[in-house]
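Observations on chain architecture
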Amino acid sequence: MTQSPGTLGILTANTSLTTRIANAAAQATWKVECYIQREDLLADAHKLTAVIVDFRWGDSTALELQRDLKDRGAYLPVVVVVEGHLSPRDSQTMLRNGCLQFLDSEADTVEVIKAVTGLHLTAVVYKHCDQERQSFRKLFQSLSSDECQVARMIVEGHPNKVIASRVDVSLRTVESRRARVFTKTGLESVCQLSKWLAILEGKLISLERFSEKLPTDVKSTVVHLLTSQDEGAMIG
């Protein structure tokens, strides 16, 4: 028996499209939850594996939903249903924040199946990523607040002298904290530190450890997501 990829949350006003999505998802062995309230979907965020939502729902948009999901620590692949054209700014922002693709509100069954299939493949990647995120979070819990501050500034590109000046400590203290960051985490470069801090915040997807297990089309999807993620605060 084929293992279910997880639970797909659907929040769309188009009942015909909702039916097509639910049927395609059921055939792909997804568990399906249909919502009529945005708040109910958010309440179930940690039970969901992926989401298909209308761009606009009441007074809110999918942009705000993506933000609220991440605020809850739910890093989910999202397909956004659109009617007409989105502004380049809105579409780019959603892609940077985990939107897998846009689905026309009048999409036929073939397009719906493609979207559901893409979510299935991407959900596999997100699952691996979440496992790595949890593992790496434990490592970072060993860092002191001062070490976290230095780590963040290193990733922002500041040289040791600038960091020392900004946090009002000696250069030697910065060098010591920097060394402890890499020793405790086991990382070997600023590039690795930048990537892993971003993974902790759901900004990036780590591909290296399991890329050989994924089909080429999944790798392409992941590479797209990797290269389109937001820059932002890495750690608090």
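Definitions and limits used
Residues numbered from 1 in each chain as written. Predicted model: local features only at pLDDT ≥ 70, side-chain atom pairs only at ≥ 80, totals over all residues. Heavy atoms only, no water. Pairing = 2+ DSSP bridges. Helix = DSSP H or I, 4+ residues; strand = E, 2+ residues; numbered from the N terminus. Axes fitted to C-alpha atoms, helices over the stretch in contact; angles between N-to-C directions. Contact = heavy atoms within 4.5 Å. Right-handed = clockwise from strand over helix to strand, strands pointing away. Buried < 20%, exposed > 50% of the residue type's maximum accessible area, 1.4 Å probe, protein only. Parallel < 35°, antiparallel > 145°, perpendicular 65-115°, else oblique. Salt bridge = Lys/Arg side-chain N within 4 Å of Asp/Glu carboxyl O.

Moving on to the sheet that holds strand β6 (residues 78-82). Pairing within the open sheet is parallel, and its five strands lie in the order β2-β1-β3-β6-β7. Across the chains shown, the open sheet's two edge strands, defined by having one partner strand only, are β2 (31-34) and β7 (99-104). Geometrically, the sheet is characterised by an average inter-axis angle of 20 degrees between neighbouring strands, direction not taken into account. With respect to the sheet, helix α1 (residues 15-27) is in contact with β1 (7-11), β2, β3 (50-54), β6 and β7, its orientation differing from that of β1 by roughly 175 degrees. Along the sheet, helix α4 (residues 88-96) makes contact with β6 and β7, crossing β7 at roughly 135 degrees.

Turning next to the pairing of β2. By the bridge criterion, four bridges tie β1 to β2 in an arrangement that is parallel. Bridge pairing links I10 to C34 in β2. Crossover connection from β1 via α1 to parallel β2: handedness right-handed.

Let us look at the pairing of β3. Successive side chains on a regular strand alternate, one facing one side of the sheet and the next facing the other. For β3, the buried fraction is high: five of the five residues fall into the buried class. Looking at chain direction, β1 and β3 are connected through four bridges and run parallel. Across the sheet, residue I10 finds its bridge partner in β3, namely I52. Looking at chain direction, β3 and β6 are connected through four bridges and run parallel. Note that in β6 the partner of D54 across the bridge is V81.

Turning next to the packing of helix α6 (residues 145-155) against helix α8 (residues 171-185). Their axes nearest at 9 Å, the elements α6 and α8 cross at an angle of 90 degrees. Classified by the angle their axes make, α6 and α8 are roughly perpendicular. Only V174, R177, R178, R180, V181, F182 and K184 of α8 make contact with α6, whose side of the interface consists of D146, E147, V150, A151 and I154.

Turning our eyes to something else, we now look at the pattern of salt bridges. For the structure shown, the criterion picks out seven salt bridges. The partner of D68 in a salt bridge is R38, and the shortest N-O contact between them spans 2.3 Å. With D68 in helix α3 (residues 62-71) and R38 in helix α2 (residues 38-43), this pair connects stretches of sequence that are 30 residues apart. Of the two residues, D68 and R38, both sit in the buried class. Given the relative accessible area of 12%, D68 is considered buried. The network of salt bridges with shared partners includes R38, R67 and D68.

The values are spatial; any link to function lies outside them.
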